[in-house]
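# Observations on the model geometry
Spelled out from the first residue to the last, the chains are:
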Number of protein chains: 2
Amino acid sequence: MMRLNKPTIKDVAKEAKVSIATVSRILNNSTGYSETTKQHVLETIDRLGYSPNAIARGLINKQSNTIGVLFPDVSGLISAELLQGIEEASHTRGFSVIVCKTDSDGKKTLDFLRLLQEKQVEGIIFTSQFLTKEFAAFIEKMAVPVITVSSYSEQDNIPSVKVDDEAAAYDAVRYLIDCNHTEIGMLSGPPTDPLAGAPRIAGYKRAILQANIPYDETKVAWDKGFYFEHGQLAFEKLYALHPDLTAIFAASDELAVSAISSAYKYGLRIPEDLSIIGYDDTRLAKMASPPLTAVSQGFESMGMKAAELLFQAIETGTQGNGEKIKHRIIERNSVKKH
Amino acid sequence: MMRLNKPTIKDVAKEAKVSIATVSRILNNSTGYSETTKQHVLETIDRLGYSPNAIARGLINKQSNTIGVLFPDVSGLISAELLQGIEEASHTRGFSVIVCKTDSDGKKTLDFLRLLQEKQVEGIIFTSQFLTKEFAAFIEKMAVPVITVSSYSEQDNIPSVKVDDEAAAYDAVRYLIDCNHTEIGMLSGPPTDPLAGAPRIAGYKRAILQANIPYDETKVAWDKGFYFEHGQLAFEKLYALHPDLTAIFAASDELAVSAISSAYKYGLRIPEDLSIIGYDDTRLAKMASPPLTAVSQGFESMGMKAAELLFQAIETGTQGNGEKIKHRIIERNSVKKH
DNA sequence: TTGAAAGCGTTACCAC
DNA sequence: GTGGTAACGCTTTCAA
């Protein structure tokens, strides 16, 4: 790993006995050189092992060809699948993606925003985290397009790519009801969570009420989050109070899988004794035993879609619109039709 | 999203009626200005909403404060957990990370390497993909440090952060044997895979042989990869030939979970009828039913470790050494002690 | 304590 | 077709 000075365009020019301008033209496939010099220059570029410096390039044409993506947490399947789609779309557009892990409390978010600003990213994708007015204002000043995925903004006029959580939750519970369940509980995240908490509970409630089932607040149990670990405690609360439940709507795949896990501990069979429907439909859903029936969001394609909308915005210089993603229910084997 | 021209250091200088140099000094906390001017400049910076341009900065001090990370596939838990660690360590060092999804066939790898070279990244992390001589040679020319994680290089002298796969596999099978299993099968990925295929099979074989159990090649089944989907077919092959197996060593968590899934289909109870030990110990292991006993690699901390070693190399300008990670077996409930 | 100016590696305009 | 050169936004030496 020697650290020679890398050859610059100047070195190439000198070596090939042409001007810098000519080399630059050849590098950029513009016009203004003979085929002969082109070959000659290309050959010396090759011989010298020259590689253009994107930083210098970026300085002059004010382009970084880079976007920033913010995740509260990058270690789960949701982020992974989103990122997969985002990276895919970005690469085909010639953009690089910088990932930022903001931690869910959002303390680091502003720092990352500042960083991305300094690095001159041309756009920002905000995932799974509420975009507060403060953040929105900052990004507004950055004067680059933003888009939220699986999230939305306190500020309106910020485009978002997401499903309608209330409607999706409604449909999930409706599905349970259509399977003739009436004793339906819910495993939720914090009801105060504006993204995945409140709206999904609202959907649950609406479906229940509409089916003339009395709404019982104690049938929605929750802990601090949407992860497997959070499901354990929530399930126990729920089961202690309502051992007679025949179905559970879980607000995430991990909560659903956690419920499966806990149910087995109590000797419950799934779906015979207890039906469970999940939410997200990450890879985890198919890997569960039994395979999980779940509301599908399609994170990978949501990631791609968000990136594409962002690039459109970058090109046109306008913020553009978001897109409402259609959810659907993927039927597997965790729900019993009564 | 208006596109005003962002203020530059020049604007700040003019507005504050000082020289560019002074502003620069203040920005960089170097010496050579009075407290009064500092306050004044800081105030105008604030008023103008000035933000330094890292690209221009990078051009002059030849630093991008960025590293590149290559993943064959970014959508799984392994990448997610590695990335979590890498991002964490990078952020505390003031570095950004660009993620590259190379696709497992490695076709895009060289393209990404070129891209990273142009973007002047200061180091590269190569994950879960064999670093061929060709790639190594390219990186050598880039003159930046590399490190492989969960992988190694055809070229020696490239540091790597990984467990000893042969030894880990050996221990896993040894664990099964210590639980008094003798009819032990293996669910593998392709035996030709130099990373996670061959070495783990070798470990399995060594443990079997050493316990004086005859080695039967047909007891190691595999399909094209290490994912859940690949496990289905492999398990069926295995079970068709050897319904008498009492334990299975799976070369990944997903293969193990796939085995659990398939086993249930055949009416097998786990671990009563069939014991299964996994490999990786991603989040998936704890979410399985029953929770999976598995060889733990600790991807998040491997990611951190790799990043830290890389930064050391960047600082010292030398390639440095890798680190052998200690594996351990996390006991959960998928293995029965006979 | 401060400012002028060179230079980082490019691109793009203007001349020839 | 080709070359000279200003400019991108910044850091850093050198002088004052």
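Residues numbered from 1 in each chain as written. Chains lettered and ligands numbered in written order. Predicted model: local features only at pLDDT ≥ 70, side-chain atom pairs only at ≥ 80, totals over all residues. Heavy atoms only, no water.

With that settled, the discussion passes to the protein's contact with DNA strand C. Neighbouring DNA strand C are 29 residues, the closest being Tyr50 and Arg57 of chain A together with Ser19, Arg25 and Ile60 of chain B. Within 4 Å of the protein, the contacting atoms of DNA strand C are drawn from sugar and phosphate to the extent of 63%. A distance of 2.7 Å is found between a phosphate oxygen of DNA strand C and a side-chain nitrogen or oxygen belonging to Ser24 of chain A. Between Lys62 of chain B and DNA strand C, the recorded distance is 2.7 Å, taken from a side-chain N or O atom to a phosphate oxygen. At the level of elements, helix 1 (9–16), helix 2 (20–27) and helix 4 (54–61) of chain A together with helix 2 (20–27) and helix 4 (54–61) of chain B are the ones that each hand at least two residues to the surface near DNA strand C. Class assignment of the residues belonging to the surface near DNA strand C gives a composition of 13 nonpolar, eleven polar and five charged. (Near = heavy atom within 4 Å. Polar contact = N/O pair within 3.5 Å; in protein donor to acceptor, adjacent residues only side chain to side chain. Helix = DSSP H or I, 4+ residues; strand = E, 2+ residues; numbered from the N terminus. Nonpolar A, V, L, I, M, F, W, Y, C, P; charged D, E, K, R; others polar.)

Before going further, it helps to spend a moment on the packing of aromatic side chains. Residues and elements named next belong to chain B. A complete count under the given rule lists 16 aromatic pairs over all chains for this structure. Measuring from centroid to centroid gives 6.0 Å for Phe235 and Tyr266, while their planes differ by 35°, and the two rings are tilted. One end of the pair, Phe235, is in helix 10 (residues 228–241); the other, Tyr266, is in the loop between helix 11 (253–265) and strand 9 (275–280), with 31 residues separating them in the sequence. Under the relative-accessibility criterion, Tyr266 is labelled partly exposed at 38%. (Phe/Tyr/Trp six-rings, centres within 6.5 Å; stacked < 30°, edge-to-face > 60°. Buried < 20%, exposed > 50% of the residue type's maximum accessible area, 1.4 Å probe, protein only.)

Right, let's get into the domain arrangement of chain A. The assigned domain composition of chain A is domain 1 (9–61), domain 2 (66–161 + 299–324) and domain 3 (165–296). A straight line from the C-alpha centre of domain 1 of chain A to that of domain 2 of chain A covers 35 Å. (Domains from an automatic or database assignment.)

All names here are of chain A. Read across the sheet, six strands follow the order 7-6-8-9-10-12 without closing on themselves; strand pairing throughout is mixed. At either end of the open sheet lies a strand with only one pairing partner, and these are strand 7 (220–222) and strand 12 (328–330). Mean inter-strand twist for the sheet, computed between neighbouring axes without regard to direction, equals 20°. As judged from the four bridges shared by strand 6 (residues 184–188) and strand 8 (residues 247–250), these two strands associate in the parallel manner. What sits directly across from Leu187, in strand 8, is Ala250. Sheet strands touched by helix 10 (residues 228–241): strand 6, strand 7 and strand 8. Its angle to strand 7, the strand with the most contacts, is close to 150°. (Pairing = 2+ DSSP bridges. Axes fitted to C-alpha atoms, helices over the stretch in contact; angles between N-to-C directions. Contact = heavy atoms within 4.5 Å.)

To continue, consider the UniProt feature "domain: HTH lacI-type" (unreviewed entry) in chain A. Feature annotation in UniProt places "domain: HTH lacI-type" (unreviewed entry) on residues 7–61 of chain A, given in this structure's numbering. Between the end C-alpha atoms of residues 7–61 of chain A there is a gap of 21 Å, over a span that is 69% helix and 0% strand. (UniProt positions renumbered as here; feature names shortened; annotations may be inferred.)

Residues and elements named next belong to chain B. Tracing the sequence through the fold places Asp165 in helix 8 (residues 165–178). Classification of Asp165 as buried rests on a relative accessible area of 6%. The residues touching Asp165, leaving out its near neighbours within four places in the chain, are Leu195, Pro199, Arg200 and Tyr279.

Mapping between the two chain copies consists of a rotation about an axis together with a translation along that axis. Note on the identical chains: chain A maps onto chain B by a rotation of 180° and an axial translation of 0.0 Å, with an RMSD of 0.1 Å. Here the copies are linked by what is in effect a two-fold axis. For chain A, the minimum C-alpha distance to the rotation axis belongs to Ile98 of chain A and amounts to 2.2 Å. When you check the interface residues of chain A against chain B, 100% turn up at the interface there too, and the contact is symmetric in its surfaces. (Least-squares fit on C-alpha atoms with pLDDT ≥ 70 in both.)

Residues and elements named next belong to chain B. Residues Thr22, Val23 and Ile26 constitute the buried set of helix 2. Taken around the axis of helix 2, the buried residues stretch over an arc of 100°, which confines them to a single face. Looking at the buried positions of helix 2, the neighbouring elements they touch are helix 1 (9–16) and helix 3 (35–48). Of the residues flanking the end of helix 2, it is Asn29, one or two places downstream, whose phi is positive at about 55°. (Arc of directions from axis to C-beta.)

Facing 66 residues of chain A, the contacting portion of chain B comprises 66 residues. For the salt bridge of Lys101 of chain B with Glu88 of chain A, the shortest nitrogen-to-oxygen distance reads 2.4 Å. The leading source of residues in the side of chain A that touches chain B is helix 5 (residues 77–92) of chain A, at eight residues. In terms of residue class, the side of chain A that touches chain B is built from 31 nonpolar, 18 polar and 17 charged. Strand direction decides the pairing type here: strand 2 (residues 96–101) of chain A and strand 2 (residues 96–101) of chain B, joined by three bridges, are antiparallel. Residue pairing across strands places Val97 of chain A opposite Val99 of chain B, the latter belonging to strand 2 of chain B. (Salt bridge = Lys/Arg side-chain N within 4 Å of Asp/Glu carboxyl O.)

Residue and element names in this part refer to chain B. Position of Gln63 among the secondary structure elements: in the loop between helix 4 and strand 1 (66–71). Its relative accessible area of 39% is what places Gln63 among the partly exposed residues. Remark: the alpha-carbon pair of Gln63 and Gln120, spanning 57 residues in sequence, is separated by 7.6 Å. Not counting residues within four places of it along the chain, the set of residues in contact with Gln63 comprises Gly58 and Glu122.

Once that is clear, we can look at the packing of helix 5 (residues 77–92) of chain B against helix 13 (residues 299–316) of chain B. When two helices pack together, their arrangement is given by the angle between their axes and by how far apart the axes lie. Residue and element names in this part refer to chain B. Look at helix 5 against helix 13: their axes get within 7 Å of each other, and the N-to-C directions meet at 40°. Put simply, helix 5 runs oblique to helix 13. Seen along the crossing, helix 5 lies across helix 13 with a hand that is right-handed. Contacts between helix 5 and helix 13 pair Ile78, Glu81, Leu82, Gln84, Gly85, Ile86, Glu88, Ala89 and Ser90 from the former with Phe299, Glu300, Met302, Gly303, Met304, Ala307, Glu308 and Phe311 from the latter. Its residues placed into classes, the contact of helix 5 with helix 13 shows nine nonpolar, four polar and four charged. (Parallel < 35°, antiparallel > 145°, perpendicular 65-115°, else oblique. Left-handed = near helix turned anticlockwise from the far one by under 90°.)

Take the pattern of salt bridges next. Inspection of the entire model under this criterion finds 36 salt bridges over all chains. Across the pair Arg269 of chain A and Asp273 of chain A runs a salt bridge whose closest N-O atoms are separated by 3.0 Å. In this structure Asp273 of chain A comes out as partly exposed when scored by relative accessible area, which is 29%. Between Glu183 of chain B and Lys219 of chain B there is a salt bridge, with its nearest N and O atoms 3.3 Å apart. Of this pair, Glu183 of chain B sits in the loop between helix 8 and strand 6 (184–188) while Lys219 of chain B sits in the loop between helix 9 (198–210) and strand 7 (220–222), and the two are 36 residues apart along the sequence. Accessibility expressed as a relative area gives 11% for Lys219 of chain B, which makes it buried. Connected through salt bridges with shared partners, the residues Glu88 of chain A together with Lys101, Asp103 and Lys108 of chain B form a single ionic network.

The subject of this paragraph is the protein's contact with DNA strand D. Arg25 and Lys62 of chain A together with Ile9, Tyr50 and Arg57 of chain B are the nearest of the 27 residues found near DNA strand D. A distance of 2.8 Å separates a phosphate oxygen of DNA strand D from a polar side-chain atom of Ser24 of chain B. For the surface near DNA strand D, the secondary structure elements donating two or more residues are helix 2 and helix 4 of chain A together with helix 1, helix 2 and helix 4 of chain B. Classifying every residue of the surface near DNA strand D by side-chain character gives twelve nonpolar, ten polar and five charged.

Inspection of every chain in the model, using the stated rule, returns zero disulfides over all chains. Free cysteine: Cys100 of chain B, not disulfide-bonded; nearest cysteine sulfur from Cys100 of chain A at 15 Å. Taking relative accessible area as the criterion, Cys100 of chain B reaches 1% and is therefore assigned buried. (Disulfide = S-S within 2.5 Å.)

Residues and elements named next belong to chain B. The buried count for strand 9 comes to six of six residues, which makes it a mostly enclosed element. Where strand 8 (residues 247–250) lies against strand 9, three bridges are found, and the strand directions are parallel. Residue pairing in the sheet places Ile248 in a bridge with Ile276 of strand 9. Traced from strand 8 through helix 11 to strand 9, the parallel crossover comes out right-handed. Looking at chain direction, strand 9 and strand 10 (residues 293–296) are connected through four bridges and run parallel. If you follow Ile277 over to strand 10, its bridge partner there is Thr293. (Right-handed = clockwise from strand over helix to strand, strands pointing away.)

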